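# Chains, contacts and geometry: an overview
Listed below are the residues making up each chain.
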Amino acid sequence: MSETTIATDKAPAVEVKNLSKHYGPVKALRNVDLTIAAGEYFVLLGPSGGGKTTLLRTIGGFHKPTEGQVLLHGRDMSHLPPDKRPTTMVFQAYALFPHMTVLQNVSYGLKVAGIDRKQAEEKAAAMMDVVGLSGFAERKPHELSGGQQQRVQLARALVLDRDILLLDEPLAALDAQLRKDMCLELKHLQEKVGITFIHVTHNQEEAMTVADRIALVADGNLVEHGKARDIYRAPVKKFTASFVGENNMLSGRVSDVNGVSCTVDVAGSQLVVQKRGQQVAHGQPVDLSIRSELVQLSRANGSNNAGDGHSILGSYDEAVYLGLTTSHLVRLPNGVEMTSRTISDAVDDLPTPGDPVRLHWQPEAIRLHTS
Amino acid sequence: MTDEYANPWLYRLKWLYMLLLVVTLMSPVLYVMYISFNANGFGARAYDFTFEWYRLVFSDTLLLNALRWTLTLAVVVTCITVPFAVLAAKYYKTAQNKLPIVFLLLAPLFVPPDILGSALLVYFKSLNASFIWLGDQLGTSMFDGWFRLSFFTAVIGLIIYTIPYAFIVVLITMGRYRTEQTEAARACGADGWRAFWDIEFPQIRAGVFSACSFCVILVFNEYTRTSLLKGGFDTFTTVLISQMLNTGMSPQSYAMSSMVAFTAIAIIGSIIIFTLIRTESLSRLARAKAEPVMSS
Ligand SMILES: Nc1ncnc2c1ncn2[C@@H]1O[C@H](COP(=O)(O)OP(=O)(O)O)[C@@H](O)[C@H]1O
Ligand SMILES: [Mg+2]
């Protein structure tokens, strides 16, 4: 995995060491290790129930680890409560103080810190400008839209000048368009304030938009982590490939191993794939993945039979029109369905269902997964 | 408030109905109050206004003692019940499975007072006997008085009685409270207490005060459980009822009844008026600020 931490002379903002968290019999986190550099926009991505919230809340001090440590800026803080940590948090919803105005909400932390009222309110008002809330100071939370409420939460957290901001599904309660807009705003806000953001989401598009680095969390395990682009382009784990992007997943058996690549038998076709440092043995069952937009479709005829190691034959199923793109579904001889995605209307001579077709790709587009 | 197209007579009829209902319900109480100011007592044809009966109540040491015990009981029960109710409501808010909690907390409402009272009585008696036996075995008289009928046993009985009411009243005012709010306060640097006082308490304040008033009224009015479980003291209602049973209603009894009723009405009335004023001022505030809300 191409693992590059942003070079700083400071200690990492967050180090999670061998962290486990159990709720009774439920093992929500299992031996998680993770390092997040200061100033990063880090995303925890994964299916719901995977343990993302638990990990985030353990970093924030809302849960005590069952095992393991949480270090913030190099100091072990595993047993400190949230108010003694250099973190602050934005919740999915319902977290605004309903009996206080927006201004009182935003300046609450400053009031707790003992800063005098006038100064606190000035600072709060300035932060409200930053997040686009000027003019709403005297509103009560229930008089705001969902997006505005999340802005209040952001302002309330950022005004404290803590250096780690935790966000648990901050956009999940918003409608699709607003979520997209606010994603970008979050990204820009983080670049502006320069502190570490740790953002939990189950939405891969949201993750790709905001993240410098992404960690995939599923089933209590930290599956894989790396730069957002690498996670998308070159996932190492099978789970990552199936969760991020629209990938075709194929399973087969290794039929030949040589140097940097190996040959995998998938439904009778011999596919050549780079090993990328993974150990494989002859006969071993492995998985392959390839992004649907990198798979090209052409009609099969006698002259272009598969056999080059970078193509496979199947029968055309149907086309699914998705607006910008169209997905062409092709059934392989073993019954597995593969998708080739093209810009809509790029192919004008569509095969009819049942026609034999050939799917092919650039040699480096397909990836091997041994786990 | 009302549908503008509704028949105005229907509206008036509704008010008339409510008025009639209240008068029917309250007229015996009002009549008792009326009698309590008559120098000639109950049944007399002549009506001469007087405070004499009230003066007599307040010069009777038996009654004054009873009043003192009642107040002490009310204060102690309230001080224990209300914090418990707040804790229960807090717990209810975070609990995954809410049904058992509701059932446990509301169960005392469905047990008739005499059954609950006598059950506790039997329970305390056996407990007392067991503790005395335990003391004898250990050669100490330390445990002897623990569960003898006393102020303590009466307090327990009344806490069981008042908890469901206090719990419900507090829970109602927790409508907009979510645990995330407390967590957000913690994330803003507040410790547990600070978060409670700044975030939770202001939201449930009305509920806590109402629960306190309820407890005081319930303890003041309660006869069955108190009379079964009390030790060597009397409360206002136990004195009143034993007097009525032994010697019939005296003009003094009317004065006492009126006082109990009046206390309850005064407390409830002030809560209602306070709430009405507050709602009105809040809605005025809301109307004043009702500019259109822009999206996003
Ligand atoms: N307070 C809790 N008590 C018991 N189980 C919990 C609790 N919180 C979460 N879990 C369980 O832990 C697992 C991980 O949950 P969570 O961290 O919320 O996942 P995610 O945020 O990825 O959806 C789930 O199986 C969930 O049911
Ligand atoms: Mg979650």
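As the structure is a prediction and not an experimental result, all values here were calculated from the model.

All names here are of chain A. For strand β14 (residues 285-291), the buried fraction is high: six of the seven residues fall into the buried class. Both β14 and strand β20 (residues 367-369) contribute to a ladder of three bridges, which runs antiparallel. Across the sheet, residue Ser 289 finds its bridge partner in β20, namely Arg 367.

A few words on the sheet that holds strand β17 (residues 325-331) of chain A. Residue and element names in this part refer to chain A. As summarised here, the arrangement of the five strands in space is β15-β19-β16-β17-β18, forming an open sheet in which the pairing is antiparallel. A strand with exactly one partner marks an edge of an open sheet, and here the two such strands are β15 (296-299) and β18 (337-343). Within this sheet the neighbouring strands show an average axis-to-axis angle of 45 degrees, counted without direction. Strand direction decides the pairing type here: strand β16 (residues 311-321) and strand β19 (residues 356-360), joined by five bridges, are antiparallel. When the sheet's bridge partners are listed, Ser 315 is paired in β19 with Pro 356.

This part covers the confidence of the model for chain B. Residues and elements named next belong to chain B. In the predicted model, chain B carries a mean pLDDT of 86, and the fraction of residues at 70 or more is 94%. Within chain B, no element has a lower average pLDDT than helix α11 (residues 251-288), which sits at 80, and none a higher one than helix α7 (residues 179-187), at 94. Per-residue pLDDT stays below 50 along residues 291-296; that stretch engages in 15 contacts with residues further than four places along the chain or on separate chains. Interface confidence for the predicted complex, expressed as ipTM, amounts to 0.85; the pTM equals 0.81.

Residue and element names in this part refer to chain B. Relative to the elements of secondary structure, Ser 257 occurs in helix α11. Its relative accessible area of 19% is what places Ser 257 among the buried residues. Excluding its chain neighbours within four sequence positions, the residues that come into contact with Ser 257 are Val 32, Leu 240 and Met 249.

Listed as interface residues are 26 residues of chain B and, on the opposing side, 34 residues of chain A. Each partner contributes to the roughly 2,500 Å² buried at the junction of chain B and chain A, and carbon and sulfur atoms together form 57% of this total. Our count for the chain B to chain A interface comes out at two salt bridges. When the shortest N-O distance is used, the salt bridge between Glu 183 of chain B and Arg 57 of chain A registers 2.6 Å. Along the contact surface separating chain B from chain A lie seven residue pairs in polar contact (both at pLDDT 80 or more). Elements with a minimum of two residues in the side of chain B that touches chain A: α7 and α8 (192-221) of chain B. A per-element tally of the side of chain B that touches chain A places α7 of chain B first, with seven residues. Considering only residue class, the side of chain B that touches chain A consists of 11 nonpolar, five polar and 10 charged.

All right, on to the site of ligand 1 then. Residues and elements named next belong to chain A. Inspection of the region around ligand 1 gives Tyr 23, Val 26, Ala 28, Pro 47, Ser 48, Gly 49, Gly 50, Gly 51, Lys 52, Thr 53 and Thr 54 as its neighbouring residues. A distance of 2.5 Å separates an oxygen atom of ligand 1 from a polar atom in the side chain of Thr 53. Between ligand 1 and the protein, one listed contact pairs an oxygen atom with a side-chain N or O atom of Thr 54 at 2.4 Å. Summarising the interface, the protein chains cover 61% of the accessible area of ligand 1, which totals 560 Å² for the free molecule. Those elements giving two or more residues to the shell around ligand 1 turn out to be β2 (26-36) and α1 (52-60). In terms of residue count, the dominant contributor to the shell around ligand 1 is α1 (three residues).

Thresholds applied
- Residues numbered from 1 in each chain as written.
- Chains lettered and ligands numbered in written order.
- Predicted model: local features only at pLDDT ≥ 70, side-chain atom pairs only at ≥ 80, totals over all residues.
- Heavy atoms only, no water.
- Buried < 20%, exposed > 50% of the residue type's maximum accessible area, 1.4 Å probe, protein only.
- Helix = DSSP H or I, 4+ residues; strand = E, 2+ residues; numbered from the N terminus.
- Pairing = 2+ DSSP bridges.
- Axes fitted to C-alpha atoms, helices over the stretch in contact; angles between N-to-C directions.
- pLDDT = per-residue confidence, 0-100.
- Contact = heavy atoms within 4.5 Å.
- Buried area = accessible area lost by both parts, 1.4 Å probe.
- Salt bridge = Lys/Arg side-chain N within 4 Å of Asp/Glu carboxyl O.
- Polar contact = N/O pair within 3.5 Å; in protein donor to acceptor, adjacent residues only side chain to side chain.
- Nonpolar A, V, L, I, M, F, W, Y, C, P; charged D, E, K, R; others polar.
- Near = heavy atom within 4 Å.
- Areas by Shrake-Rupley, 256 points an atom, 1.4 Å probe, with all protein chains shown as cover.

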